[in-house]
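So the chains spell out like this:
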Amino acid sequence: MSAVPPPRTDAAAPEAPDGRGGRRSVAVALLLGALGATVVLLASGRVWARGTAAVGGGSLPLTVDGRAVTGLPAALAIVGLAALVAVFAVRGRSRLLVSGLLALSGLGAALAAVLAADDRQALDAQAARTTADTAAHVAALTHTAWPYVTAAGAALILVAGLLALRFGSGWPAMGGRYERDGSPRSRKPAAVDPDRPEDLWKALDRGEDPTR
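What counts, and at which threshold
Residues numbered from 1 in each chain as written. Predicted model: local features only at pLDDT ≥ 70, side-chain atom pairs only at ≥ 80, totals over all residues. Heavy atoms only, no water. Pairing = 2+ DSSP bridges. Helix = DSSP H or I, 4+ residues; strand = E, 2+ residues; numbered from the N terminus. Axes fitted to C-alpha atoms, helices over the stretch in contact; angles between N-to-C directions. Buried < 20%, exposed > 50% of the residue type's maximum accessible area, 1.4 Å probe, protein only. Polar contact = N/O pair within 3.5 Å; in protein donor to acceptor, adjacent residues only side chain to side chain. Contact = heavy atoms within 4.5 Å. Core = buried A, V, L, I, M, F, W, Y, C linked by side-chain atoms within 4.5 Å. Patch = residues over 30% accessible without salt bridge, like charges linked within 9 Å, V, L, I, M, F, W, Y side chains within 5 Å. Areas by Shrake-Rupley, 256 points an atom, 1.4 Å probe, with all protein chains shown as cover. Salt bridge = Lys/Arg side-chain N within 4 Å of Asp/Glu carboxyl O.

Trainee: Just checking my understanding: could you explain the sheet that holds strand 2 (residues 58-65) for this structure?
Mentor: Hydrogen bonds between backbone groups are what pair the strands of a sheet, and the pairing can be parallel or antiparallel. The strand order across the open sheet built from three strands is 2-1-3, with neighbouring strands paired in antiparallel fashion. Either end of the sheet is taken by a strand with one partner, and the two such strands are strand 2 and strand 3 (139-143). The mean angle between the axes of side-by-side strands here comes to 15 degrees, regardless of whether they run parallel or antiparallel. Where strand 1 (residues 47-55) meets strand 2, eight bridges bridge the pair, whose relative direction is antiparallel.

Trainee: When you look at the side chain of Ser105 in this model, what are you seeing that I'm missing?
Mentor: Tracing the chain through its elements places Ser105 in helix 4 (residues 92-115). Note on Ser105: relative accessible area 2%, which makes it buried. At 2.8 Å, the side chain of Ser105 forms a polar contact with the backbone oxygen of Leu101. Leaving out residues up to four positions away in the same chain, Ser105 has contacts with Leu76, Val79 and Gly80.

Trainee: Any chance you could explain the nonpolar core here in plain terms?
Mentor: Buried together is how nonpolar side chains tend to be arranged in soluble globular proteins. In terms of nonpolar packing, the biggest core is built from 21 residues, with Leu102, Ile157 and Trp171 touching the most fellow members. At the level of secondary structure, the elements contributing two or more residues to this core comprise helix 1 (20-43), helix 3 (72-86), helix 4 and helix 6 (146-167). In this view, Leu102 contacts Gly80, Ala83, Leu84, Ile157, Ala160 and Gly161; residues no more than four positions away in its chain are not counted. By size, the runner-up hydrophobic cluster in this structure holds 13 residues, among which are Ala53, Ala116, Leu123 and Val138.

Trainee: Explain a nonpolar patch on the surface here, please?
Mentor: A cluster of nonpolar side chains, namely Leu104, Leu107, Leu111 and Leu115, defines an oily patch on the protein surface of about 430 Å² accessible area. Mapped onto the fold, Leu107 is located in helix 4.

Trainee: Just checking my understanding: could you explain the pattern of salt bridges for this structure?
Mentor: Where charged atoms from two side chains of opposite charge approach closely, those side chains can pair. Enumeration according to the criterion identifies one salt bridge in this entry. Notably, a salt bridge pairs Asp124 with Arg120, separated by 3.2 Å at the nearest N-O pair. According to the relative accessible area criterion, Asp124 is buried, its value standing at 13%.

Shown next, in the form of structure tokens:
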């Protein structure tokens, strides 16, 4: 029998730290942020409300899109996109601030879309312009689901911002591998062969003393 004890096998070996969780959060945040901003920009350009305006003895159908109702969701979606890119361009406290801006952009866009979902002022203003009657009001007013689609896209931006706030400190920075640490680099002179005149001329061109 061998005197060497058999290797000990633990029931649960400690997990080796890896960056898969961090990479996954980066990918999810990028996907949600970009998808949410795209949804907001597209949905805010769709028809949000329909109605009719009385003209002469008949009625004229009217429609307004989300940007005519409120331009805030689209504007905040653009801010969110810029913040999503800027998250990877900054570090430390600046990254925390940009992540907060990303989350607030999504929250603000969602609230603006929901609050404007039953708005009628844009259609009333269009009815007044169409009939040249400042007291005109739209009739048969109906609203579509696009404001809530806009709010759903904004919620994705909000989630991306929350992910950045939670995990952003461990995310890589844009071009980080190419950054210098600021320390001076020592330049090693090229070897000069005194028996080769071309090496001597090259050393002189570089401002080096080939006789050393």
